[in-house]
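Descriptive analysis of the structure
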Amino acid sequence: MLPQVNRILYCTDLSKNASYAFQYAVYLARETGADIHILKVVEQLSGDEKLTLQSYILNQSSREEFLHQRLNNAQAQLQQRQDYFWEQIAPEEQALRSKVVSCEVVEGYPVQTILARSKELECDLIIMGAHEKGWFHTLLGSVAKNVLRESRIPTLIVPRPEKKGS
């Protein structure tokens, strides 16, 4: 007997394929009754990027505002994608929006943050879209590949949909 799926962690990089993968999260939530937690990780700046930021933005409060704005922009884009998705879905499926119980944007290292949040939220399944760069990364992507390798719960990596006319 398969374990029950009560909580799904849907991770997005805000790409088109991530939006496609969200359809799977909603479908599985409908079929299992699971709640959906949405997570967008804004990658933490590297040491070189922080040094560059300090070189060009000398004022500390301006640097902090810039960093805060990165999170706000990601949150706004995530909300916009969610609104669009739910506007496009069939009216009889609209009630499924209540299955989305949290939607967060955090700064961190994507793999570690995804794995930590899946544990903290006691998720039973992680859903992510495959990345869209390069031949090998088209299959998975480094974040998806590493989450798949390190996760101790089932992880669904949704490949890019086949292009129409292919």
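**Regarding the sheet that holds strand β5 (residues 155–158)**
Taken in spatial order, the five strands line up as β3-β2-β1-β4-β5 in an open sheet, and their pairing is parallel. With partners counted over all chains shown, the strands left at the sheet margins are β3 (100–108) and β5, one partner each. Taken over all neighbouring pairs, the strand axes of this sheet differ in orientation by 20 degrees on average, direction set aside. The strands touched by helix α3 (residues 60–88) are β1 (7–12), β2 (35–43) and β3; relative to β3, the strand with the most contacts, the crossing angle is about 150 degrees.

**Observations regarding the nonpolar core**
In terms of nonpolar packing, the biggest core is built from 24 residues, with I8, Y10, F22, V26, I36 and I127 touching the most fellow members. Considering each element in turn, this core owes the most residues, six residues, to helix α1 (residues 16–32). If near-sequence neighbours (up to four positions away) are discounted, I8 is found in contact with A25, L28, A29, A34, D35, I36, H37, C123, L125 and I127. The next biggest cluster of nonpolar side chains, apart from the first, holds 15 residues, and it includes L39, V41, I126 and V147.

**A short note on the state of the cysteines**
As enumerated under the stated definition, the model contains zero disulfides in all. C123 takes part in no disulfide bond, and the closest cysteine sulfur, belonging to C11, lies 8.3 Å away.

**Topic: helix α4 (residues 110–120)**
All buried positions along α4 are accounted for by P110, V111, T113, I114, L115, R117 and S118. Of the surrounding elements, those touching the buried residues of α4 are β1, β2, β3, β4 (125–129) and α6 (142–150). Of the residues one or two after α4, E122 is the one with positive phi, at around 55 degrees.

**Description of the packing of α1 against α3**
Running from amino to carboxyl end, α1 crosses α3 at an angle of 55 degrees, the nearest separation of the two axes being 11 Å. When the axis of α1 is compared with that of α3, the two are oblique. With respect to the hand of their crossing, α1 and α3 are arranged in right-handed fashion. Residues K16, S19, F22, Q23 and V26 of α1 lie in contact with α3, whose contacting residues are R81, Q82, F85 and W86. Split into classes, the residues belonging to the contact of α1 with α3 amount to four nonpolar, three polar and two charged.

**Structural notes on the packing of aromatic side chains**
Here the structure, examined in full by the defined rule, presents five aromatic pairs. Aromatic pair Y20 and Y24: ring centres 5.8 Å apart, planes at 75 degrees, arrangement edge-to-face. Residue Y20 and its partner Y24 are both found in helix α1; the two are separated by four residues, about one turn of the helix. Judged by relative accessible area, Y20 falls into the partly exposed class, the value being 23%. You can call Y24 partly exposed: its relative accessible area is 34%.

Analysis parameters
Residue numbers run consecutively from 1 along every chain, following the written order of its sequence. Totals for whole chains, interfaces and linings use all residues, but because this is a predicted model, local features are given only for residues with pLDDT of at least 70 and pairs of side-chain atoms are given and counted only at 80 or more. Only hydrogens and water are removed before side-chain values are computed, so all heavy atoms of the structure are retained for them. At least two bridges found by DSSP between two strands is the condition for calling them paired. Per the convention used, a helix needs a DSSP run of H or I reaching at least four residues, while a strand needs a run of E reaching at least two, with both numbered from the N terminus. Only C-alpha atoms enter the line fits that serve as axes; for helices the fit covers just the stretch in contact. Angles between N-to-C directions range over 0 to 180 degrees. The contact definition used throughout considers only heavy atoms, calling two residues in contact when any of these lie within 4.5 Å. To qualify as a nonpolar core, a set must consist of buried Ala, Val, Leu, Ile, Met, Phe, Trp, Tyr and Cys residues joined through side-chain atoms within 4.5 Å. For the exposure calls, accessible area comes from a 1.4 Å probe over protein chains only, and a residue counts as buried if that area is under 20% of its type's maximum, exposed if over 50%, partly exposed in between. Note on terminology: pairs of cysteine sulfur atoms within 2.5 Å are recorded as disulfides. Should an angle fall under 35 degrees it is taken as roughly parallel, and over 145 as roughly antiparallel, whereas 65 to 115 is taken as roughly perpendicular and any remaining angle as oblique. Take the far helix as your reference; a near helix turned counterclockwise from it by less than a right angle gives a left-handed crossing, and one turned clockwise gives a right-handed crossing. Residues are grouped as follows: Ala, Val, Leu, Ile, Met, Phe, Trp, Tyr, Cys and Pro are nonpolar; Asp, Glu, Lys and Arg are charged; all remaining types, including Gly, are polar. Each Phe, Tyr or Trp ring (for Trp, its six-membered ring) is paired with any other whose centre lies within 6.5 Å, and the angle between the two planes then decides the class: stacked below 30 degrees, edge-to-face above 60, tilted in between.

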